[in-house]
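# Coordinate analysis (summary)
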Amino acid sequence: MERSFWSELWVARGAIWNGALVTAEVSLWTIVMGTVLGALLGLVLAYGWRPARLLARLYVDVWRGIPVLVLILFLYYGLAL
């Protein structure tokens, strides 16, 4: 008997639910950490001591200058090494 998509989906509902929860948790932590890091870097750029401002500017410019696709491919292939 051939199983339909919906029956396979029903069988895998636990794994799909767990994957959705992990995705939501990782997304939440990423948003929180990115917000905190961005706020700290923004404060350093606006009010920091000159060497700290230069380091923060270098960090921001390097990360903003790298295309997102390159970062994704590096995370996928580079970290596997």
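Residues numbered from 1 in each chain as written. Predicted model: local features only at pLDDT ≥ 70, side-chain atom pairs only at ≥ 80, totals over all residues. Heavy atoms only, no water.

### Structural notes on the overall build of the chain
What counts is decided by this rule: Helix numbers and strand numbers start at the N terminus; a helix is a DSSP run of H or I with at least 4 residues, a strand a run of E with at least 2. With the radius of gyration taken over C-alpha atoms, the globule rule is written as 2.2 Å times the number of residues to the power 0.38. Think of it in three bands: with a 1.4 Å probe and only protein chains considered, a residue is buried below 20% of the maximum accessible area for its type, exposed above 50%, and partly exposed in between. Residue burial considers only the protein chains on display, and all accessible areas are found by Shrake-Rupley using a 1.4 Å probe.
Scanning the chain from terminus to terminus reveals 4 helices and 0 strands. The order of α-helices and β-strands along the chain, N terminus first, is α-α-α-α. A compact globule built from 81 residues would reach a C-alpha radius of gyration of about 12 Å, whereas the chain, at 21 Å, exceeds it by more than 25%. For the chain, the C-alpha atoms occupy an extent of roughly 70 × 25 × 20 Å along the three principal directions. Sorting the 81 residues of the chain into buried and exposed places 5% on the buried side. On the chain, roughly 7400 Å² of surface is accessible, and the fraction owed to carbon and sulfur atoms is 74%.

### With respect to the pattern of salt bridges
Using the following cut-off: By salt bridge we mean one thing: a side-chain nitrogen of Lys or Arg within 4 Å of a carboxyl oxygen of Asp or Glu.
Per the counting criterion, the structure on display carries 2 salt bridges. A salt bridge links R3 to E8, with the nearest nitrogen and oxygen atoms 3.2 Å apart. Exposure remark for R3: the relative accessible area of 48% places this residue in the partly exposed category. Look at E8 and you get partly exposed, because its relative accessible area is 39%. Here D61 and R57 are joined by a salt bridge, their closest N and O atoms 3.5 Å apart. With D61 and R57 both in helix α3 (residues 50–65) and 4 residues apart, the pair spans about one turn of that helix.

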